[in-house]
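Spelled out from the first residue to the last, the chains are:
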Amino acid sequence: MDKIKNGYKSISNVYDKYITSGNLLFKLVSKIIWGVEDKDYSIELLKNIPNDFAGKILDIPAGTGILSFEKYKQLNNSEIICMDYSKDMLEIAKRRFENNNLKNIECRQGDVGNIPFENETFDAVLSMNGFHAFPDKEKAFTEIKRVLKNNGIFIGCFYIKGITKRTDWFANNIFVKNGTFTPPFYTKDEIAEKLNREYKELELWNVGSILCFKCKKM
Ligand SMILES: C[S@@+](CC[C@H](N)C(=O)[O-])C[C@H]1O[C@@H](n2cnc3c(N)ncnc32)[C@H](O)[C@@H]1O
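Quick caveat, the model's predicted, so the values are computed rather than measured. (Residues numbered from 1 in each chain as written. Predicted model: local features only at pLDDT ≥ 70, side-chain atom pairs only at ≥ 80, totals over all residues.)

(A) Quick look at the overall build of the protein. Looking only at helices and strands, one finds nine helices and seven strands in the protein. In terms of overall dimensions, the protein is globule-like: its C-alpha atoms have a radius of gyration of 16 Å, near the 17 Å expected for 218 residues. For the protein, the spread of C-alpha atoms along the three principal axes comes to 40 × 40 × 30 Å. In the protein, which comprises 218 residues, the proportion classed as buried is 37%. (Helix = DSSP H or I, 4+ residues; strand = E, 2+ residues; numbered from the N terminus. Rg over C-alpha atoms; globule rule 2.2 N^0.38 Å. Buried ≥ 20, exposed ≤ 12 C-beta atoms within 10 Å, placed from the backbone.)

Okay, structure coming up:
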């Protein structure tokens, strides 16, 4: 866990530009590494939460909030908990939400492997770009399902292996080494099988090597 914490501490100041392909260089890097040109995949994914959603949402890992805060500006009727293991990433998210006067969001440091909430607390769980980082992925799946209400929605995206050799090389040789990714990684088929077994109404698609999904707890 220290490796992850330090990995994200060291990149927290450039993370926003990187994840949003915020300049020409990062756009190129994103296309080469992930096969993804911009952050449109996250905008499409977030459309699965209706703007009038009036429930309790857990965003884990929230990171710096860069991909979600435009959506959160619309979700005035929701109560949102943003959780991340890295205090450095979360501090940036907290400032961003405060600067945008988003009062229905609480930022809390926490581990997806041990989510500090009771069973069936949330109407929706959002997990963007987290599973390739989480050290214990099976525990993360178990914990997310535990805190989700029956019929609650689970939406997310993350890196999957097996789409292109180039992306897999970068994941294993750069991101695992700098502490921002933790193996083993899933393939698209493995995730489809897992989510189909545990959830209903699964929709699953990939944009380059990023897998996006939406499903409901049975
Ligand atoms: C690539 S960032 C994604 C952040 C955000 N959702 C986004 O898409 O921009 C991955 C995040 O996972 C967090 N993380 C890694 N392991 C974690 C864990 N066990 N519990 C909670 N967060 C964790 C890291 O601190 C980091 O902020």
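(B) Representation of the site of the ligand. Within the structure, the ligand sits among 21 residues, and Pro61, Gly63, Tyr85, Ser86 and Asn129 are positioned closest to it. Its residues placed into classes, the shell around the ligand shows 14 nonpolar, five polar and two charged. (Near = placed C-beta within 6 Å. Nonpolar A, V, L, I, M, F, W, Y, C, P; charged D, E, K, R; others polar.)

(C) Summary view of the sheet that holds strand 3 (residues 105-109). An order of 3-2-1-4-5-7-6 is seen for the seven strands of this open sheet, with the pairing classed as mixed. If you trace the sheet from one side to the other, it starts and ends with strand 3 and strand 6 (199-207), each paired once. Recorded for the sheet is a direction-independent mean angle of 15° between the axes of neighbouring strands. Two elements, strand 4 (residues 122-128) and strand 5 (residues 148-159), share six bridges in a ladder whose sense is parallel. Counterpart to serine 127 in the pairing with strand 5 is glycine 156. (Pairing = 2+ DSSP bridges. Axes fitted to C-alpha atoms, helices over the stretch in contact; angles between N-to-C directions.)

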